[in-house]
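Chain residues, written in single-letter form:
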Amino acid sequence: MSEAIILAGGFGTRLRTVVSDVPKPMAPVAGRPFLCWLIDRLALQGYSHIVLATGYMHEKVEEYFHNEYNGVRIDYAREMSPLGTGGAIVNALQHCTEECITVLNGDTLFDINHRWLADMADSNGGRLTIVTRRVNDAGRYGAVETDAAGQITAFREKDPSFGSGYINGGIYRMHRSLLDGYTVGTQFSFEKEVMQPLREPFYAYPSDAYFIDIGVPDDYARAQTELPTI
């Protein structure tokens, strides 16, 4: 377990009223880009190679991190046009050598134990394992349902009436063969076209680790005080 892909190419439309001069993952949190907080946590957990899947304002990311940060080797998989989450992962996989890769959202910090995730993925035999988090407003994200063994039985669309529930925490442990049918440059949504159809067994396990998504101004403001304390 040493390689990870961070999806860092989003436009950050909902956050643009607060941060407009950098891509969302580079939004400053307590004086440092949010990506710094995320990569620092991954370095502590043993990752030595991270591929940043960039797109919008990619030069801001590359100028800051170059090819090494905090002892971690950094490569870039740049989108010349929007590829969606699936296309971005396929593009980034060209820079990876391991069979199983951890994929993370660049605007979310979910402070799980990554060795635990790798062990769970190894033991269940599936090609995709995700981590879920219980939140009070599952309708903002969409909910994930599983059976007693952790196999995913349904993904529920966003619905303001949901209330509390388990959501996709934005961390995946994935076997690269899962995307063998897609060519580099293909635009598609990993969530809608690969995950949600449930064409094979996928697994999800809950964690109560610290979680924050800076995609909306209120949570971005909360991150300013919370991240320095974890």
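Notes on the structure in this doc start here. (Residues numbered from 1 in each chain as written. Predicted model: local features only at pLDDT ≥ 70, side-chain atom pairs only at ≥ 80, totals over all residues. Heavy atoms only, no water.)

With respect to the overall build of the protein chain
From N to C terminus, the protein chain includes 6 helices and 14 strands. Taking 2.2 N^0.38 as the reference for a compact globule, 230 residues should give roughly 17 Å; the C-alpha atoms of the protein chain span a radius of gyration of 17 Å, in line with that estimate. In terms of its C-alpha atoms, the protein chain occupies a principal-axis envelope of roughly 45 × 40 × 30 Å. Within the protein chain, the fraction of its 230 residues that count as buried is 52%. Within the protein chain, residue pairs in contact and separated by at least 24 positions form 74% of the contacts whose partners lie at least 6 positions apart. Accessible area of the protein chain: about 10,200 Å², with a carbon and sulfur share of 49%. Each charge sign in the protein chain was given a centre, from 20 positive and 29 negative side chains, and these centres are 2 Å apart. (Helix = DSSP H or I, 4+ residues; strand = E, 2+ residues; numbered from the N terminus. Rg over C-alpha atoms; globule rule 2.2 N^0.38 Å. Buried < 20%, exposed > 50% of the residue type's maximum accessible area, 1.4 Å probe, protein only. Contact = heavy atoms within 4.5 Å. Areas by Shrake-Rupley, 256 points an atom, 1.4 Å probe, with all protein chains shown as cover. Lys, Arg positive; Asp, Glu negative; His and termini not counted. Charge placed at Lys NZ, Arg CZ, Asp CG, Glu CD.)

Overview of the environment of Ser81
Inspection of the secondary structure assignment puts Ser81 in the loop between β6 (72–78) and α3 (84–93). Given the relative accessible area of 44%, Ser81 is considered partly exposed. In the structure, Ser81 is positioned 106 residues away from Gln187 in sequence and 9.1 Å away in space, judged by C-alpha atoms.

Points about the environment of Asp119
For Asp119, the position within the fold is in helix α4 (residues 114–124). Sequence separation between Asp119 and Tyr203 is 84 residues; the distance between their C-alpha atoms is 13 Å.

Examining the pairing of strand β12 (residues 165–175)
Counting buried positions along β12 yields 8 of 11 residues, so the element is predominantly enclosed. Of the pairings in the sheet, the one linking strand β9 (residues 128–135) to β12 comprises 7 bridges and is antiparallel in character. Directly across from Thr132, in β12, lies its bridge partner Asn168. (Pairing = 2+ DSSP bridges.)

Points about the nonpolar core
Formed by 40 residues in total, the largest nonpolar core has its most connected members in Ile6, Leu35, Ile50, Leu52, Phe65, Ile74 and Leu227. No other element matches the 7 residues that helix α1 (residues 34–44) contributes to this core. Setting aside chain neighbours within four positions, we find Leu35 in contact with Ile6, Ala8, Pro25, Met26, Leu52, Val61, Phe65 and Gly106. Ranked by size, the runner-up nonpolar core spans 28 residues in total, among them Val90, Leu128, Ile130 and Tyr172. (Core = buried A, V, L, I, M, F, W, Y, C linked by side-chain atoms within 4.5 Å.)

Some remarks on helix α2 (residues 58–65)
Taken residue by residue, α2 has His58, Val61, Glu62 and Phe65 as its buried positions. Along α2, the residues classed as buried sweep out an arc of 95° about the axis, all on the same side. On its buried face, α2 sits against α1, β4 (49–54), β5 (68–69) and β6. His66 occupies a position one or two residues after α2 and carries a positive phi of about 55°. (Arc of directions from axis to C-beta.)

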